[in-house]
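Now for the letters of each chain:
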Amino acid sequence: MSTPRFLTLPPGVTTQQIETPAGTFTVLSAEPVSGVPERWPALLVPGFTGSKEDFISVLQTLAQAGRRVVAVDIRGQYETPGPDDPSAYTCAALGADIDLVAHAVGGGEPVHLLGHSFGGLITREAALDGTAKLASYTLMSSGPAGIIGPREKTGRIMLTELPEYGVEYLWANRMEPEALRAGVPDEIVSFLRKRLLAHSPAGLLAMAREVLDAPDRVDELAESGLAILVLYGEHDDGWPPLLQAEMADRLDAECVVVPGAAHSPAVEAPETTAAALTRFWNAAESEILHHS
């Protein structure tokens, strides 16, 4: 689970609601502290059991480059409510939501789209269906298909325990001990608990299945014509770094390995991550404007 280091909103960052035909989504919206947004906006999508707060460390820096940057709680996650219907939480359904949020964020302009971890599998659907107007696409600590390794094991445990014991049990027996072992401060631990218990239980179960069983759609994505960045921490314990490097090759995408970071580069190395994203976004924008 991605663990923010702090929760105080930086200057220029506010909590907002975005209205779409599919319902209301709660977001953190960052604007430049000085000047006005002159560049195309960006939309950041968190992973499974995560939330918009996973990007809190990079929002101000990204916005200072001259663009509005929006981090969203997906349907059924933390402060965005979701139904009890499992079909609302497939990658395709969540990807369709992202199309609508991207449209609202862009207001007619192209949007830089980023998906972290499971968020990469969701945003990939949006990138493939061609509905959203995208300036670029970034896969952060995400992979070509269902997750493997230690996090796959955790996901399978969740599939077994969640229906039988409930979310509170998962927190008390799995996630809280893990957070305490990692020395996470009390206020962040209480936020992690509040966040997990606010997630839709039906959503958690359905999304766990999706993150484990996602098919490989890299070849389709390679045909999309989008400017793509693959970015991950050198010590990623989600999809193995080598697998993500191979995916970047298959996509003919730019690849950035963030030194010292693991599965959450935006938390673990915010300045390096923000610099890489700003450089990529600016280059993608210049390329599109040059050819238009």
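Please read these numbers as outputs of a predicted model, since none were measured by experiment.

Brief notes about the layout of surface pockets
Inference 1: Taken as a whole, the largest pocket holds about 750 Å³ of empty space.
Inference 2: Elements that contribute at least two residues to the lining of the largest pocket include exactly helix H4 (150-165) and helix H5 (167-181).
Inference 3: Of all the elements, H5 adds the most residues to the lining of the largest pocket, at seven residues.
Inference 4: Here the residues of the lining of the largest pocket sort into 14 nonpolar, eleven polar and six charged.
Inference 5: Taken as a whole, the second largest pocket spans an internal volume of roughly 210 Å³.

Re the pairing of strand S7 (residues 228-233)
Inference 1: Of all six residues in S7, six are buried; the element is thus mostly enclosed.
Inference 2: On the question of chirality, the crossover connecting S7 to the parallel strand S8 (residues 254-258) by way of helix H9 (residues 241-251) is right-handed.

Structural notes on the nonpolar core
Inference 1: Judged by nonpolar contacts, the single largest core of 61 residues is most densely connected at Leu43, Val72, Ile98, Leu113, Phe118, Val230 and Leu251.
Inference 2: Among the elements that make up this core, the one with the highest residue count is helix H7 (residues 201-213) (seven residues).
Inference 3: Discounting chain neighbours no more than four positions away, the residues touching Leu43 are Val70, Val72, Ile98, Val101, Ala102, Val105, Val111, His112, Leu113 and Leu114.
Inference 4: Leu28, Ala30, Ala42 and Phe55 belong to the second-largest nonpolar core, a separate cluster that totals 26 residues.

So, unusual backbone geometry
Inference 1: Unlike most non-glycine residues, Thr49 shows phi in positive territory, near 65 degrees.
Inference 2: Checked against the element boundaries, Thr49 lands in the loop between strand S3 (42-45) and helix H1 (56-64).
Inference 3: The phi torsion at Ser117 lies on the positive side, around 55 degrees, for a residue other than glycine.

Considerations on the pairing of strand S1 (residues 13-20)
Inference 1: In the sheet, S1 pairs with strand S2 (residues 23-30) via eight bridges, with the strands oriented antiparallel. The residue of S2 that forms the bridge with Gln16 is Val27.
Inference 2: Taking the residues that link successive antiparallel strands as the turn, the S1-S2 hairpin has two residues.

Focus on helix H3 (residues 118-129)
Inference 1: Compared with an ideal rise of 1.5 Å per residue, which puts twelve residues at 16 Å, H3 spans 18 Å between its outermost C-alpha atoms and is within 8% of the ideal.
Inference 2: Most of H3 sits inside the fold, with ten of its twelve residues counted as buried.
Inference 3: Within the sequence span of H3, burial applies to Phe118, Gly119, Gly120, Leu121, Ile122, Thr123, Arg124, Glu125, Ala126 and Ala127.
Inference 4: Residues of H3 that are buried in the fold lie against S3, helix H2 (91-106), strand S5 (111-116), strand S6 (134-140), H7 and helix H8 (218-222).
Inference 5: Immediately beyond the C-terminal end of H3, within one or two residues, lies Gly130, with a positive phi of roughly 70 degrees.

Things to note about the sheet that holds S1
Inference 1: Strand order in this open sheet of eight strands is S1-S2-S4-S3-S5-S6-S7-S8, and the pairing throughout is mixed. Bordering the open sheet on either side are S1 and S8, each of which pairs with just one other strand. Strand-to-strand twist in this sheet, taken as the mean axis angle between neighbours without regard to direction, amounts to 25 degrees.
Inference 2: Note that S5 and S6 share six bridges and pair parallel.

Overview of the side chain of Thr138
Inference 1: Tracing the backbone through its elements, the reader meets Thr138 in strand S6.
Inference 2: Owing to a relative accessible area of 0%, Thr138 belongs among the buried residues under this scheme.
Inference 3: Not counting residues up to four positions away in its chain, the partners in contact with Thr138 are Leu113, Leu114, Gly115, Leu229, Leu277, Phe280 and Trp281.

Points about the packing of H4 against H7
Inference 1: At a minimum axis separation of 10 Å, H4 and H7 run at an interaxial angle of 145 degrees. Considering only the axes of H4 and H7, their crossing is left-handed. Seen from H4, the contacting residues are Glu152, Gly155, Arg156, Met158, Leu159, Leu162 and Pro163; seen from H7, they are Pro201, Leu204, Leu205, Ala208, Arg209, Leu212 and Asp213.
Inference 2: For the contact of H4 with H7, the residue count by class is nine nonpolar, one polar and four charged.

Overview of the packing of aromatic side chains
Inference 1: For the structure shown, the criterion picks out three aromatic pairs.
Inference 2: Judged by centre distance (6.3 Å) and plane angle (80 degrees), the rings of Phe48 and Phe118 are edge-to-face. You can see Phe48 sitting in the loop between S3 and H1 and its partner Phe118 sitting in helix H3, a full 70 residues away along the chain.
Inference 3: Judged by relative accessible area, Phe48 falls into the buried class, the value being 18%.
Inference 4: Look at Phe118 and you get buried, because its relative accessible area is 0%.

Section: the pattern of salt bridges
Inference 1: All chains considered together, the criterion is met by 18 salt bridges.
Inference 2: For the salt bridge of Glu53 with Lys52, the shortest nitrogen-to-oxygen distance reads 3.0 Å.
Inference 3: Across the pair Arg174 and Glu161 runs a salt bridge, and its minimum N-O distance is 2.6 Å. Taken together, the residues Arg174 in helix H5 and Glu161 in helix H4 connect sequence positions 13 residues apart.
Inference 4: By relative accessible area, which is 37% here, Arg174 ends up partly exposed.
Inference 5: With relative accessibility at 10%, the residue Glu161 sits in the buried group.
Inference 6: Here the salt bridges do not stand alone but share partners, grouping Lys52, Glu53, Asp73 and Glu79 into one network.

What counts, and at which threshold
- Residues numbered from 1 in each chain as written.
- Predicted model: local features only at pLDDT ≥ 70, side-chain atom pairs only at ≥ 80, totals over all residues.
- Heavy atoms only, no water.
- 1 Å grid on protein atoms, 1.4 Å probe; cavity = no way out; pocket = protein on both sides within 12 Å on 5 of 7 lines; lining within 4 Å.
- Points joined across faces, edges and corners; volume = space filled by probe spheres on them.
- Helix = DSSP H or I, 4+ residues; strand = E, 2+ residues; numbered from the N terminus.
- Nonpolar A, V, L, I, M, F, W, Y, C, P; charged D, E, K, R; others polar.
- Buried < 20%, exposed > 50% of the residue type's maximum accessible area, 1.4 Å probe, protein only.
- Right-handed = clockwise from strand over helix to strand, strands pointing away.
- Core = buried A, V, L, I, M, F, W, Y, C linked by side-chain atoms within 4.5 Å.
- Contact = heavy atoms within 4.5 Å.
- Pairing = 2+ DSSP bridges.
- Expected span 1.5 Å × (residues − 1).
- Axes fitted to C-alpha atoms, helices over the stretch in contact; angles between N-to-C directions.
- Left-handed = near helix turned anticlockwise from the far one by under 90°.
- Phe/Tyr/Trp six-rings, centres within 6.5 Å; stacked < 30°, edge-to-face > 60°.
- Salt bridge = Lys/Arg side-chain N within 4 Å of Asp/Glu carboxyl O.

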